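# Chains, contacts and geometry: an overview
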Amino acid sequence: MVKVSVIMPVYNGEDFLAESIGCILNQTLTDLELICVDDGSVDDSLNILNELAGSDSRIQVYHQENRGGGAARNVALTYASGEYVYFMDADDKLELDALEKLYGLCEEKNLDFTIFKAINYDEDTGKYYETPDYSMEKLATQMKGKVFSFDDLGDLIFNITVTPWSKFYNLDFVKRSGAQFAEGLIFHDNVFFWEVLFNAKRMYFLDEFLYTRRRYSKSSTGAGDKRYANIIIIINRNIELFIKYDQFERYKTTLYNKKIFWIYMRYENIQQKYKQFFFDEMKRDFSKMLTHERYNEFIKSLEFKNKAIYEACIKCDNTDDFDETLAKSLKTNKMKKALNKVTGLFKK
């Protein structure tokens, strides 16, 4: 048994693949295996993997027809034999002492997994920058230096990024949790994250930047294509997990609002040619709530903007009408707030 199994799904990653793999092979912790699953790449990725595997026995290479990153990670998990598992993307970078540091921390504190920070790198501009999602400052402030469980987190659960590459997992814990990545969908890491989080008894936040996420126009979730509609399926699966683990009642108000917010955010960012398709999927999903036994509870829980999004979607049949109706509603509300503020000043 090796100390760490590193899992790397690969799809058309020829531009940065050798650099990313180098970040693993050159780790100060050398007792590791690197499991690479080529997910039907049509570029030179598989040849690069095979060549690198020929020069380092720690690399295992598997190939499958294109089924998505979630399926590739699930396949790799079946081959993992380490004490711990780490998920690395094929175009990113990891600090060379990261695995040694994370392994030592997990061993010392007997952790199910640890969470750490990531920095973004813009390939087009050459600049590094932080984002709240990957810096997780609220978690750092409240949980730094503590070993904690899911029950200790409260609303902080929504301040942890779902990305697997900012976590270092005990492999036996992952297997016992039954966590799997969603297959055939983007945003597939969501359901894996919630499953392991609900099961975790001993977590830790390491307040260090160990990972660099490369951002560029061709990244798997950055193109705003038709697959953005997957977010609707994923969010519903997330909610099912909250129900499964008896956490829905506790977090239902937040979940109702986040569902509308997350779906609308993807609608705003999808390419124009796919907007109507996304809108139709969004309306189909939102309409199910009209006859749901929790409808009154749901509609009363929504913050103003989310309620306006929901009602405009239900009312309209195309993106132009939806955008116009929503804009009018938000503008009217803004004017009302301004008027109330002025009126309040006069009353004083």
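See above for the structure.
The structure reproduced in this document is the subject of the present report. (Residues numbered from 1 in each chain as written. Predicted model: local features only at pLDDT ≥ 70, side-chain atom pairs only at ≥ 80, totals over all residues. Heavy atoms only, no water.)

### Considering empty space enclosed by the protein
- According to the stated counting rule, one finds one cavity of 30 Å³ or more in the structure shown.
- In this structure, the largest cavity encloses a volume near 30 Å³.
- Among the elements of the structure, helix H10 (230-244) and helix H11 (248-269) are those that each provide at least two residues to the lining of the largest cavity.
- Looking at the lining of the largest cavity residue by residue, the class counts come to four nonpolar, one polar and one charged. (1 Å grid on protein atoms, 1.4 Å probe; cavity = no way out; pocket = protein on both sides within 12 Å on 5 of 7 lines; lining within 4 Å. Points joined across faces, edges and corners; volume = space filled by probe spheres on them. Helix = DSSP H or I, 4+ residues; strand = E, 2+ residues; numbered from the N terminus. Nonpolar A, V, L, I, M, F, W, Y, C, P; charged D, E, K, R; others polar.)

### As for the packing of helix H1 (residues 17-25) against helix H2 (residues 45-55)
- Taken N-terminus to C-terminus, the directions of H1 and H2 make an angle of 35 degrees; their axes are 10 Å apart at the nearest point. For the pair H1 and H2, the sense of crossing is right-handed. Across the interface between the two elements, Leu17, Ala18 and Ile21 of H1 pack against Ser45, Ile48, Leu49 and Leu52 of H2.
- Of the residues assigned to the contact of H1 with H2, the class counts are six nonpolar, one polar and no charged. (Axes fitted to C-alpha atoms, helices over the stretch in contact; angles between N-to-C directions. Left-handed = near helix turned anticlockwise from the far one by under 90°. Contact = heavy atoms within 4.5 Å.)

### Structural notes on the environment of Met265
- Within the secondary structure, Met265 is located in helix H11.
- Relative accessible area serves as the criterion here: at 27%, Met265 is assigned to the partly exposed category.
- Spatially, the C-alpha atom of Met265 lies 18 Å from that of Asp321, the residues being 56 residues apart in sequence. (Buried < 20%, exposed > 50% of the residue type's maximum accessible area, 1.4 Å probe, protein only.)

### Considering unusual backbone geometry
- Its identity as a non-glycine residue notwithstanding, Asn12 has a phi of 50 degrees, on the positive side.
- Position of Asn12 relative to the elements: it lies in the loop between strand S1 (4-10) and H1.
- Of note in this structure, Met136 is not a glycine but carries a positive phi near 50 degrees.
- Residue position: Met136 is located in the loop between helix H5 (132-135) and helix H6 (137-143).
- On the accessibility criterion, Met136 (2% relative accessible area) is buried.

### Structural notes on the pattern of salt bridges
- Here the structure, examined in full by the defined rule, presents 22 salt bridges.
- We note a salt bridge from Arg214 to Glu123, for which the minimum N-O separation is 2.9 Å. One end of the pair, Arg214, is in strand S10 (residues 203-215); the other, Glu123, is in the loop between strand S6 (113-122) and strand S7 (127-129), and 91 residues separate them in sequence.
- For Arg214, a relative accessible area of 6% translates into the label buried.
- Judged by relative accessible area, which is 30%, Glu123 ranks as partly exposed.
- Lys328 is the salt-bridge partner of Glu324, the closest N and O atoms lying 3.3 Å from each other. In this pair, Glu324 and Lys328 are both assigned in helix H15 (residues 319-347), four residues apart and thus about one turn of the helix distant.
- What you see here is one network of salt bridges that share partners, running through Lys117, Glu137, Lys144 and Asp207. (Salt bridge = Lys/Arg side-chain N within 4 Å of Asp/Glu carboxyl O.)

### Here we look at the layout of surface pockets
- The volume enclosed by the second largest pocket comes to roughly 410 Å³.
- Around the second largest pocket sit 16 residues that line it, and Asn236, Ile239, Lys259, Met289 and His292 are the ones nearest its centre.
- Elements with a contribution of two residues or more to the lining of the second largest pocket: H10, H11 and helix H12 (275-287).
- In terms of residue class, the lining of the second largest pocket is built from nine nonpolar, two polar and five charged.

### Digging into a negative patch on the surface
- Side chains of Glu268, Asp320, Asp321 and Asp323 sit close together on the surface and give a patch of like negative charge.
- Looking at the negative patch, the element that brings in the most residues is H15, giving three residues.
- Checked against the element boundaries, Asp321 lands in helix H15.
- Judged by its relative accessible area of 36%, Asp321 is partly exposed. (Patch = residues over 30% accessible without salt bridge, like charges linked within 9 Å, V, L, I, M, F, W, Y side chains within 5 Å. Areas by Shrake-Rupley, 256 points an atom, 1.4 Å probe, with all protein chains shown as cover. Lys, Arg positive; Asp, Glu negative; His and termini not counted. Charge placed at Lys NZ, Arg CZ, Asp CG, Glu CD.)

Everything listed here is a matter of geometry and, on its own, says nothing about what the molecule does.
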